[in-house]
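Take a look at the letters that make up each chain.
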Amino acid sequence: MRKKLGIEGIAGLLLVILSVALLTYHDPIVGAAVMILLAGLALIAKGFISSMMGMFGM
């Protein structure tokens, strides 16, 4: 995982997880909505990257 993300990527991932955990502790419904939003954005990014890689023949 460290080779693919790098130190900055891992730190960013930890910050996102920490911020969502803090938000969920404060308000569980809003925290769940933010998690759904992040999952949707991740799926959009994966689909976009997959289609771009397909265009380049990879």
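Refer to the structure above for everything that follows.
Keep in mind that this is a model prediction, so the values were computed, not measured.

(A) Quick peek at the overall build of the protein chain. Assigned secondary structure in the protein chain consists of two helices and zero strands. For 58 residues, the compact-globule estimate of 2.2 N^0.38 gives 10 Å, and the C-alpha radius of gyration of the protein chain, at 15 Å, exceeds that figure by more than 25%. By its C-alpha atoms, the protein chain is 45 × 25 × 10 Å across when sized along the principal axes. Within the span of the protein chain, comprising 58 residues, buried residues form 5% of the whole. Accessible surface for the protein chain amounts to roughly 5200 Å². Of this, 79% is attributable to carbon and sulfur atoms.

(B) Focus on a nonpolar patch on the surface. Residues Val16, Met35, Leu37, Leu38, Leu41 and Ile44 make up a contiguous nonpolar surface patch of roughly 540 Å² in combined accessible area. Broken down by element, the nonpolar patch gets its largest block of residues, five residues, from helix H2 (residues 28-55). With respect to the helices, strands and loops of the structure, Leu37 is situated in helix H2.

What counts, and at which threshold
Sequence order as written defines residue numbering, which begins from 1 separately in each chain. Local features in this predicted model are restricted to residues of pLDDT 70 or higher, and side-chain atom pairs are both shown and tallied only at a pLDDT of 80 or more, whereas totals for entire chains, interfaces and linings draw on every residue. Just so you know, side-chain values use all the structure's heavy atoms and leave hydrogens and water out. Secondary structure elements follow DSSP: runs of H or I of four or more residues count as helices, runs of E of two or more count as strands, with numbering from the N terminus. We compute the radius of gyration from the C-alpha atoms alone; for a globule the expected value is 2.2 Å times N to the 0.38, where N is the number of residues. Relative accessibility decides the category of a residue: with a 1.4 Å probe and only protein chains considered, values under 20% of the type maximum give buried, values over 50% give exposed, and everything between is partly exposed. Shrake-Rupley sampling with a 1.4 Å probe provides the accessible areas, and residues are treated as covered by the protein chains on show and by no other component. Two distance rules govern patches: like charges are joined within 9 Å, and nonpolar side chains (Val, Leu, Ile, Met, Phe, Trp, Tyr) within 5 Å, applied only to residues with over 30% relative accessible area and no salt bridge. Salt bridge, as applied in this entry: a Lys or Arg side-chain nitrogen positioned within 4 Å of an Asp or Glu carboxyl oxygen.

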